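Structural overview
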Amino acid sequence: MVARVSTVAFHGIDAVSVDVQVMVAPGKMNFQIVGLPDKAVAESRERVQAALHASGLSMPAKRVTVNLAPADLPKEGSHYDLPIALGLMAALGAIPGDALAEWAVLGELSLDGTIADVAGVLPAAIAANAAGKGLICPHGCGPEAAWAGEGVDILAPKSLIAVANHFRGTQVMSRPQPAVRVPARDLPDLADVKGQESAKRALEVAAAGGHNLLLVGPPGSGKSMLAARLPSILPPLSPKELLEVSMIASMAGELQGGKLTDRRPFRAPHHSASMAAMVGGGLRARPGEVSLAHNGVLFLDEFPEFSPQVLDSLRQPLETGECMIARVNHRVTYPARIQLVAAMNPCRCGMASEPGYRCARGQRCRTEYQARISGPLLDRIDLRIDAPAVSAADLIRPAAAETSAAIAARVAAARDRQRVRYEELGLPASMTNAQCPASVIERVAEPDAGGLALLKDASEKLGFSARAYHRVLKVALTLADLDGRDDIGRIHLAEAIAYRLPGERMPEAA
């Protein structure tokens, strides 16, 4: 007899259907798993045998063969334990043979028969819903799976015995409810930042249009403090964005208790991060920091201290909004539509831009330090702001600073204008000005005569690339959205061009 149980294999954030076929046949006692299993899947036979024994079911003195079809698809992870065990129980008659026909199953087994949490339950639940099936998953992942939809049947047992009792009708399990993680209410507020008014303005523009931002200044000027307060002015995730972010977090095993939140991701990796940690990779091609920051912020403090190869690996995700991890036998693509925020000192000693300070190494200190950032990567950053040291006057008697709530209201209004604009053009409602295609931005951000003359003059004198030209238009459109205007004037273009000037001076120093 061959028992069949449906489960999934993960390809990026997509779940591919896998058919677990279990056959118990006469012959010498043996337990074999075939179908390109990795080490974790091959070891599941030991966990399955121990879990069945702990549940009061002995292995038969026969030949047991488990085939994971399709056989040419690599199978990775420990979530195949539960479908293999349930298929074996069905083949032995411990549960009805047709009970599992309408279910997809995944979960890791402990030696005592309990079911441990696994990664990727949310994508698996969505795939099961698309196939018209229910999902059996670990108890701790039930609240996560319940987000796939109210019409999806979800079983979240704690042990193998609970599954068997449910299908026998002696212990019926209730459907888990979606869980929500309450966002922190004590987010750092921009009112705490003393001085740095130009940097605050740039932070507001970056939040309103989703633009990339670079803060340059000496140590202690408040660059990291400003970046840490960006989440307090960003709008919450839309339902579609929330689903995308949660699926990536589920694949990475970072959904605590299966709880979802509409707070935008804010990832701040250390500058010692490897390329695989940043863009994804490893043995199982897991998502990296770029993908975990999808629809949110990737903050890189001490920007030049990152490896130049790691920094240049960000160029493709910043341009395409996705990260492709290529291996010899397969290729995985993760979403990576991020807002890059970086902070750096002007030189290695950090004081090159301060009046009256003379570095012992001279101009070489600044030149070599800034040369660690490539021109193509710098060209993808829309806003470059100098953040000078805060004066004593700003700290002793600071003026009343604007709160994050007030700035967030203006950012939300600008985002609403962008949503309406791009919906009317048939584009995704979640699109921001920074993500707008070049062909569209030339139509929706056409400047007036004065602004066009200014932009042409600036492009010739500063040597703007085609990318820089379009990014200036995008920033100008965001400034117009913040002002509540449909037309782009000379004042908007002048401010947008000014945000690129500090960055245009960096290649000259390098």
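Above this note sits the structure.
Report on the accompanying structure. (Residues numbered from 1 in each chain as written. Predicted model: local features only at pLDDT ≥ 70, side-chain atom pairs only at ≥ 80, totals over all residues. Heavy atoms only, no water.)

The next thing to look at is the nonpolar core. Counting residues in each nonpolar core, the largest one holds 51 residues, and the members touching the most others are Leu213, Leu230, Ile233 and Leu493. Ranked by the residues each element gives to this core, the list is headed by helix α20 (residues 466-483), at nine residues. Each residue touching leucine 213, except ones within four places of it in the same chain, is listed here: Ala202, Leu203, Ala206, Leu340, Val341, Ala342, Ile381, Leu383 and Ile385. In terms of nonpolar packing, the next biggest core, distinct from the first, is built from 41 residues, Leu68, Leu88, Val105 and Ile136 among them. (Core = buried A, V, L, I, M, F, W, Y, C linked by side-chain atoms within 4.5 Å. Buried < 20%, exposed > 50% of the residue type's maximum accessible area, 1.4 Å probe, protein only. Helix = DSSP H or I, 4+ residues; strand = E, 2+ residues; numbered from the N terminus. Contact = heavy atoms within 4.5 Å.)

Another aspect to go through is the pairing of strand β15 (residues 322-326). Going residue by residue along β15, you find Cys323 and Ile325 tucked away on one face and Glu322, Met324 and Ala326 left uncovered on the opposite face. Two strands pair when backbone bridges link them, and β15 and strand β16 (residues 331-335) are joined in this way by five bridges, in the antiparallel orientation. Among the inter-strand pairings, glutamate 322 is bridged to a residue of β16, identified as proline 335. (Pairing = 2+ DSSP bridges.)

Once that is clear, we can look at the layout of surface pockets. In this structure, the largest pocket spans a volume of roughly 760 Å³. Taken together, 37 residues line the largest pocket, and the ones lying closest to its centre are Leu318, Gly321, Arg337, Ala434 and Gln435. The calculated volume of the second largest pocket comes to roughly 500 Å³. Lining the second largest pocket are 25 residues, with Arg181, Thr261, Arg263, Arg264 and Pro265 positioned closest to its centre. Elements with a minimum of two residues in the lining of the second largest pocket: α9 (239-251), β13 (266-267) and α11 (289-292). If one sorts the elements of the lining of the second largest pocket by residue count, α9 sits on top with five residues. Here the residues of the lining of the second largest pocket are counted per class, giving 16 nonpolar, four polar and five charged. (1 Å grid on protein atoms, 1.4 Å probe; cavity = no way out; pocket = protein on both sides within 12 Å on 5 of 7 lines; lining within 4 Å. Points joined across faces, edges and corners; volume = space filled by probe spheres on them. Nonpolar A, V, L, I, M, F, W, Y, C, P; charged D, E, K, R; others polar.)

In this section: the packing of aromatic side chains. Counted by the stated rule, this structure contains two aromatic pairs. Geometrically, the ring pair formed by tryptophan 103 and phenylalanine 167 is edge-to-face, given 6.4 Å between the ring centres and 75° between the ring planes. Placement of the pair is tryptophan 103 in strand β5 (residues 103-105) and phenylalanine 167 in helix α6 (residues 160-168), with a sequence separation of 64 residues. For the pair shown, tryptophan 103 and phenylalanine 167 are each scored as buried. Ring geometry for phenylalanine 266 and phenylalanine 299: centres 6.0 Å apart, planes at 25°, overall stacked. One end of the pair, phenylalanine 266, is in strand β13; the other, phenylalanine 299, is in strand β14 (residues 297-300), and 33 residues separate them in sequence. We note arginine 421 situated over the ring of tyrosine 422; from NZ or CZ to the ring centre the distance is 5.6 Å. (Phe/Tyr/Trp six-rings, centres within 6.5 Å; stacked < 30°, edge-to-face > 60°. Lys NZ or Arg CZ within 6 Å of the ring centre and 35° of its normal.)

On the basis of which strands lie adjacent, the open sheet formed by five strands has the order β13-β14-β17-β11-β18 and parallel pairing. Both outer strands of the open sheet, β13 and β18 (383-386), are each paired with one neighbouring strand and no more. Relative to β14, β13 is paired through two bridges, and the arrangement is parallel. Directly across from arginine 267, in β14, lies its bridge partner leucine 298. Helix-sheet contacts for helix α7 (residues 197-209) involve β11 (213-216), β17 (339-344) and β18, and the interaxial angle to β18 is about 165°. (Axes fitted to C-alpha atoms, helices over the stretch in contact; angles between N-to-C directions.)

In this model α9 runs 18 Å from its N-terminal to its C-terminal C-alpha over 13 residues, within 8% of the 18 Å that 1.5 Å per residue would give. Considered for burial, the residues of α9 that qualify are Glu241, Leu242, Val245, Ser246, Met247, Ile248, Ala249, Ser250 and Met251. Buried residues belonging to α9 abut β1 (2-11), α4 (121-130), α5 (142-145), β12 (259-260), α11 and β16. (Expected span 1.5 Å × (residues − 1).)

Let us now look at the pattern of salt bridges. The tally for this structure, following the rule as stated, stands at 25 salt bridges. The salt bridge partner of aspartate 379 is arginine 500, with a shortest N-O separation of 3.1 Å. Of this pair, aspartate 379 sits in helix α15 (residues 375-379) while arginine 500 sits in the loop between α21 (490-498) and α22 (501-509); the two residues are 121 residues apart in sequence, bridging distant segments of the chain. Taken as a pair, aspartate 379 and arginine 500 share a single burial class, namely buried. The partner of lysine 461 in a salt bridge is aspartate 457, with the nearest N and O atoms 3.6 Å apart. Pair noted here: lysine 461 and aspartate 457 are both in helix α19 (residues 449-462), with a separation of four residues, about one helical turn. Assessed through its relative accessible area of 66%, lysine 461 is described here as exposed. Aspartate 457 gets classed as partly exposed once you look at its relative accessible area, which sits at 33%. (Salt bridge = Lys/Arg side-chain N within 4 Å of Asp/Glu carboxyl O.)

With that settled, consider α7. Between its first and last C-alpha, α7 extends 19 Å over 13 residues, near the 18 Å set by a 1.5 Å rise per residue. Where α7 is concerned, the buried positions are Ala199, Lys200, Ala202, Leu203, Glu204, Val205, Ala206, Ala207, Ala208 and Gly209. Taken together, the buried residues of α7 touch β11, α8 (223-228), β17, β18, α17 (404-424) and α20.

Turning our eyes to something else, we now look at the pairing of β17. Burial analysis of β17 places six of its six residues in the buried class, the great majority of the element. Here β17 shows two buried faces, one formed by Gln339, Val341 and Ala343 and the other by Leu340, Ala342 and Met344. Two strands pair when backbone bridges link them, and β11 and β17 are joined in this way by four bridges, in the parallel orientation. Bridged to valine 216 within β17 is methionine 344. As paired strands, β14 and β17 are joined by four bridges and run parallel to one another. By the bridge assignment for β17, valine 297 is matched with glutamine 339.

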